[in-house]
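# Summary of the model geometry
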Amino acid sequence: MKIKKKIISVLLLLSVAFTAFVFVGNAEEKSDFSVSLSFPEIAEQGDRIDVTVTVTDITYVPFEYGQGILGASVYLYYDCDALSPVDESFSAVTPSGWDSFEGTSQRGVWALHSVFDGVLSNGAVNDGDLSFTVSFDVDKTATPSDVYLTVNNCEGAEYSEKSLAYFQSFNASAYCKEKLTIIEPRILIPKDESTFDIDRENFIIYSELPSLDYASFSELFSIIGGDMTIKAFDYEVTAENGMNIPNGAVISVYHKNTGRTFTYTYYLLGDCDCNGDVNVSDLVSLKYTIVKRIPVEDHVLFSMDLEKDGAVRIADYLRLKMRIASK
């Protein structure tokens, strides 16, 4: 009896050791899947963007009892100071019969948790079998900058043909990090980049097209937002009065997404007498200013500085002379 008990004990010990060996061996195996992120490269304050996370490079393991990934938790980390997930925007793609749900308990993290239905042929075997999409609002007060979205810490279960068990759990680290650049709304977009130069940091529009009134200016720009107003020093330029936009005019556009009004100063290069046109009288005025070294106000300085180098020099005079001569 004692010998029989010893034999049973040895067999049990060998069984445990063998099982441990199999478990450890399979624990060392790592899934070689990865993840990808899809969303716009650039977004404006107040925009809504769709972010899609897709599991890719899934290992296909033909096996008598099943194949592929049998469950996963995929985590998306986002900048919660700049992005806010849209309620009920979550949608997931999983194999037939899977249960899936989103996780939002932790601020700054969104997750797809998915569980297969026990049918061994329902594994995820192709790229795109596992993915989810969440919509985010770009905060209206977000600072224009680069923010990052990251996916990592994927975990789940997959089959391994080297395992005596039907499937083994894994905790693989699939990592992906992509940049989203947030910008202030580009409310004024020139249809012809060669005729306008926009300094968006300092909110300045440089024009090389003389004699622009409200209507002609509107035709040359895609104006995104609400109503546009153009104010000169003591009057307003409207579509009705047909006045030219003078040098130093203030152009304002209301942007409904952010609730803000963006204001640009308009400088007509070469309009040295600030009458909304460029002609020989401006050339005379510029020459006189250079020769006599007469100080001028800022709005005139910007117009005379055709080289845009911060100084009024003979080079500006020569450039203006060429422009007038080519008319």
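Nothing here was measured: the structure is a model prediction, and the numbers come from that model. (Residues numbered from 1 in each chain as written. Predicted model: local features only at pLDDT ≥ 70, side-chain atom pairs only at ≥ 80, totals over all residues. Heavy atoms only, no water.)

## Description of the overall build of the protein
A count of helices and strands for the protein gives five helices and 20 strands. Intrachain contacts of the protein at a sequence separation of at least 6 include 68% that bridge at least 24 residues. By element, 52% of the accessible surface of the protein is carried by carbon and sulfur atoms, the whole surface being about 18000 Å². (Helix = DSSP H or I, 4+ residues; strand = E, 2+ residues; numbered from the N terminus. Contact = heavy atoms within 4.5 Å. Areas by Shrake-Rupley, 256 points an atom, 1.4 Å probe, with all protein chains shown as cover.)

## A word on the side chain of Arg323
Within the fold, Arg323 resides in helix α5 (residues 314–325). The buried charged residue Arg323 lacks any salt bridge partner; its closest oppositely charged side chain belongs to Glu208, at an N-O distance of 5.1 Å. Filtering out sequence-adjacent residues up to four positions away, Arg323 remains in contact with Glu208, Pro210, Leu269, Gly270, Val278 and Leu306. (Buried < 20%, exposed > 50% of the residue type's maximum accessible area, 1.4 Å probe, protein only. Lys, Arg positive; Asp, Glu negative; His and termini not counted. Salt bridge = Lys/Arg side-chain N within 4 Å of Asp/Glu carboxyl O.)

## Things to note about the confidence of the model for the protein
Confidence in the prediction of the protein, expressed as mean pLDDT, is 79, and 79% of residues score 70 or more. Scored below 50 in pLDDT, residues 1–30 shows nine contacts in the model against residues more than four places distant or in partner chains. (pLDDT = per-residue confidence, 0-100.)

## Considerations on the packing of helix α3 (residues 280–292) against α5
Look at α3 against α5: their axes get within 10 Å of each other, and the N-to-C directions meet at 170°. Between α3 and α5, the crossing angle belongs to the class labelled roughly antiparallel. Residues Val280, Asp282, Leu283, Leu286, Lys287 and Ile290 of α3 form the contact with α5, whose participating residues are Ile314, Asp316, Tyr317, Leu320, Lys321 and Ile324. The class makeup of the residues in the contact of α3 with α5 is eight nonpolar, no polar and four charged. (Axes fitted to C-alpha atoms, helices over the stretch in contact; angles between N-to-C directions. Parallel < 35°, antiparallel > 145°, perpendicular 65-115°, else oblique. Nonpolar A, V, L, I, M, F, W, Y, C, P; charged D, E, K, R; others polar.)

## Comments concerning unusual backbone geometry
Note: most residues except glycine have negative phi, and most peptide bonds are trans. One non-glycine residue, Glu88, adopts positive backbone phi at about 60°. Here Glu88 shows up in the loop between β5 (83–85) and β6 (91–93). Here the phi dihedral of Phe203 falls at roughly 55°; this positive angle occurs in a residue that is not glycine. Along the chain, Phe203 falls in the loop between β14 (196–199) and β15 (204–207).

## Here's the deal with the pairing of strand β19 (residues 249–255)
Taken across its seven residues, β19 has five buried, putting it largely inside the fold. When strand β17 (residues 228–231) meets β19, the two strands line up antiparallel, connected through four bridges. Residue Lys231 lies in a different strand from β19, and its bridge partner there is Val250. Direction of pairing for β19 relative to strand β20 (residues 260–268): antiparallel, over a ladder of seven bridges. Considered in β20, the bridge of Ser252 is made with Thr263. (Pairing = 2+ DSSP bridges.)

## Notes on the packing of aromatic side chains
Tallied over the entire structure, the rule returns 12 aromatic pairs. Their ring planes at 85° and their centres at 6.2 Å tell us that Phe196 and Phe217 sit as a pair that is edge-to-face. Highlighted residues: Phe196 in strand β14 and Phe217 in helix α2 (residues 214–220), separated in sequence by 21 residues. Residue Phe196 shares its accessibility class with Phe217, and that shared class is buried. Centroid distance Tyr206 to Tyr267: 6.3 Å. Interplanar angle 35°. Geometry classified as tilted. Of this pair, Tyr206 sits in strand β15 while Tyr267 sits in strand β20, and the two are 61 residues apart along the sequence. The pair Tyr206 / Tyr267 is uniform in exposure class, with both members buried. Put simply, the rings of Phe196, Phe217, Phe221 and Tyr266 touch in pairs and so form one group of aromatic residues. Over the face of the ring belonging to Tyr148 we find Lys177, whose NZ or CZ atom lies 4.7 Å from the ring centre. (Phe/Tyr/Trp six-rings, centres within 6.5 Å; stacked < 30°, edge-to-face > 60°. Lys NZ or Arg CZ within 6 Å of the ring centre and 35° of its normal.)

## Brief notes about α5
For α5, built from 12 residues, the straight-helix expectation of 16 Å at 1.5 Å per residue is met to within 8% by its first-to-last C-alpha distance of 16 Å. Taken residue by residue, α5 has Asp316, Tyr317, Leu320, Arg323 and Ile324 as its buried positions. Mapping the buried residues of α5 onto a view down its axis gives an arc of 125°, with all of them on the same face. Those residues of α5 that are exposed and aimed more than 90 degrees away from the buried face are Ile314, Met322 and Ala325. (Expected span 1.5 Å × (residues − 1). Arc of directions from axis to C-beta.)

## Observations concerning α3
A rise of 1.5 Å per residue sets the reference length of α3, with its 13 residues, at 18 Å; its end C-alpha atoms lie 18 Å apart and thus fit the reference within 8%. Residues of α3 that are buried: Asp282, Leu283, Leu286 and Thr289. Around the axis of α3, the buried residues are gathered within 130° of arc, so they sit on the same side. With respect to the buried face of α3, the exposed residues turned more than 90 degrees away are Val280, Val284, Val291 and Lys292. Arg293 lies just past α3 and shows a positive phi near 55°.

## Notes on the sheet that holds β15
If you walk across this open sheet you meet the six strands as β14-β15-β20-β19-β17-β18, and the pairing is mixed. One side of each edge strand has no neighbouring strand; the edge strands of this open sheet are β14 and β18 (236–237). Sheet topology note: the β15/β20 ladder contains four bridges and is parallel. Looking across to β20, one finds that Ile204 is bridged to Thr265.

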